[in-house]
Amino acid sequence: MARHHLRLGFLVHEPQPLSRKTVFAYLQACSPVEVDVTLLSIADRLATRGDRAQEAIAAHLRVAEGMLTDALRWRAEGPAQPLLRGDELGAQLGIAPGPQIGALLAELAEAQYTGEIATREQAFAYVNRLARDA
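Residues numbered from 1 in each chain as written. Predicted model: local features only at pLDDT ≥ 70, side-chain atom pairs only at ≥ 80, totals over all residues. Heavy atoms only, no water.

Caption draft 1: Fine view of the layout of surface pockets. Each pocket or cavity is described by its volume, and for the largest pocket that value is around 210 Å³. Lining the largest pocket are 15 residues, with Ala80, Pro82, Leu108, Ala109 and Gln112 positioned closest to its centre. Going through the elements one at a time, helix H2 (20-30) and helix H6 (99-114) are the ones with two or more residues in the lining of the largest pocket. With 5 residues, H6 is the largest single contributor of residues to the lining of the largest pocket. Of the residues that constitute the lining of the largest pocket, the class distribution is 13 nonpolar, 2 polar and no charged. By volume, the second largest pocket is sized at about 180 Å³. Forming the boundary of the second largest pocket are His5, Leu6, Gly9, Phe10, Val12, His13, Ser41, Asp44, Arg45, Ala56, Ala59 and His60. (1 Å grid on protein atoms, 1.4 Å probe; cavity = no way out; pocket = protein on both sides within 12 Å on 5 of 7 lines; lining within 4 Å. Points joined across faces, edges and corners; volume = space filled by probe spheres on them. Helix = DSSP H or I, 4+ residues; strand = E, 2+ residues; numbered from the N terminus. Nonpolar A, V, L, I, M, F, W, Y, C, P; charged D, E, K, R; others polar.)

Caption draft 2: Main features of the environment of Thr114. Take Thr114: it is sitting in helix H6. What Thr114 contacts, discounting residues up to four positions off in sequence, is Arg20 and Lys21. Within the structure, Thr114 has its side chain in polar contact with the side chain of Glu116 (distance 2.9 Å). (Contact = heavy atoms within 4.5 Å. Polar contact = N/O pair within 3.5 Å; in protein donor to acceptor, adjacent residues only side chain to side chain.)

Take a look at the structure:
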């Protein structure tokens with residue numbers, strides 16, 4: 001938790017509301033303590049003192065409110081089940097098992113979380129586009 005407790009504070013400077021990709025990256029990075037680290041971040045920010053402290057606290061709480069909602073949902077439901085397995089990706093793209101498959105699976109997980117893809121067919125089309133554009 002200590003490693004990630006400042007992560008949410010940096011997101012205050014990102015365009016608001018946060019993109020689904022940014023939320024996904026935060027949840028992935030902080031899992032399995034995404035809820036706990038978000039609460040720790042709030043507690044840490046509430047201890048802020050000095051000039052413009054109230055402004056900083058208010059901005060942090062605005063970001064934290066949305067993130068906590070997503071973190072609680074993530075905790076309750078967990079990440080979505082992958083639409084494709086690594087062996088299916090390898091067969092589709094002619095790629096041997098290895099880091100490239102892992103990177104593609106990570107991109108698919110992000111696209112699934114953000115709502116860019118929702119079906120196996122969309123997932124296959126997505127990775128085919130990635131491979132074509134690479």
